Amino acid sequence: MFEEVKAMLVDEMSISASDITEDAEFVNDLGFNSLELADLVVLCEDKYGVEIDEERAHTIMTVGDFSDYLAELVNDK
């Protein structure tokens, strides 16, 4: 799932692939603001047909954590 999220960040959010690691923090390392985070959530919800819990989304700091959470949602469908 990490590679899929990484591809989405590169293609849809114009983030440099070299900046995206599992430990990269959305805000501190990738420079995301709250609107960009919301856009990512919507993109993933639409692509995978899942509903991302807003409260949980606010606690996710890294790309790896987000990828793991998204994988859980997709596998639970």
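Residues numbered from 1 in each chain as written. Predicted model: local features only at pLDDT ≥ 70, side-chain atom pairs only at ≥ 80, totals over all residues. Heavy atoms only, no water.

K.L.:
Could you give an account of the nonpolar core, with specific residues and numbers?
P.N.:
Judged by nonpolar contacts, the single largest core of 23 residues is most densely connected at Leu9, Leu40, Ile52, Val63 and Phe66. Those residues in contact with Leu9 that sit more than four places away from it in its chain are Ser14, Ile15, Ile20, Phe26, Phe32, Leu40 and Val63. (Core = buried A, V, L, I, M, F, W, Y, C linked by side-chain atoms within 4.5 Å. Buried < 20%, exposed > 50% of the residue type's maximum accessible area, 1.4 Å probe, protein only. Contact = heavy atoms within 4.5 Å.)

K.L.:
Tell me about the packing of aromatic side chains, and name the residues and values.
P.N.:
For the structure on display, the rule yields 2 aromatic pairs. Geometrically, the ring pair formed by Phe26 and Phe66 is edge-to-face, given 5.9 Å between the ring centres and 85 degrees between the ring planes. Highlighted residues: Phe26 in the loop between α1 (2–13) and α2 (34–48) and Phe66 in helix α4 (residues 63–76), separated in sequence by 40 residues. For the pair Phe26 and Phe66, one class covers both residues: buried. A connected cluster of aromatic rings, assembled from ring pairs, spans Phe26, Phe32 and Phe66. (Phe/Tyr/Trp six-rings, centres within 6.5 Å; stacked < 30°, edge-to-face > 60°. Helix = DSSP H or I, 4+ residues; strand = E, 2+ residues; numbered from the N terminus.)

K.L.:
Tell me about unusual backbone geometry, residues and numbers included.
P.N.:
The phi dihedral of Ser14 is positive, around 55 degrees, even though this residue is not glycine. Within the element layout of this structure, Ser14 appears in the loop between α1 and α2.

K.L.:
Could you give me a rundown of the packing of α2 against α4, with the residues and numbers involved?
P.N.:
Interaxial distance between α2 and α4 falls to 11 Å at its minimum, and their mutual angle equals 30 degrees. The angle between α2 and α4 falls in the class roughly parallel. Crossing angle aside, the handedness with which α2 passes α4 is right-handed. Across from Leu40, Cys44 and Tyr48 in α2, the residues of α4 making contact are Phe66, Leu70 and Val74. (Axes fitted to C-alpha atoms, helices over the stretch in contact; angles between N-to-C directions. Parallel < 35°, antiparallel > 145°, perpendicular 65-115°, else oblique. Left-handed = near helix turned anticlockwise from the far one by under 90°.)

K.L.:
Would you mind going over the packing of α1 against α2 in detail, with residue names and values included?
P.N.:
Between α1 and α2, the least distance of the axes is 11 Å, while the angle of their chain directions is 120 degrees. The angle between the axes of α1 and α2 places the two elements in the oblique class. α2 is crossed by α1, and the crossing has right-handed handedness. Each of Glu4, Met8, Leu9, Glu12 and Met13 in α1 lies in contact with α2, whose residues at this interface are Glu36, Asp39, Leu40, Leu43, Cys44, Lys47 and Tyr48. Of the residues belonging to the contact of α1 with α2, the class tally is 7 nonpolar, no polar and 5 charged. (Nonpolar A, V, L, I, M, F, W, Y, C, P; charged D, E, K, R; others polar.)

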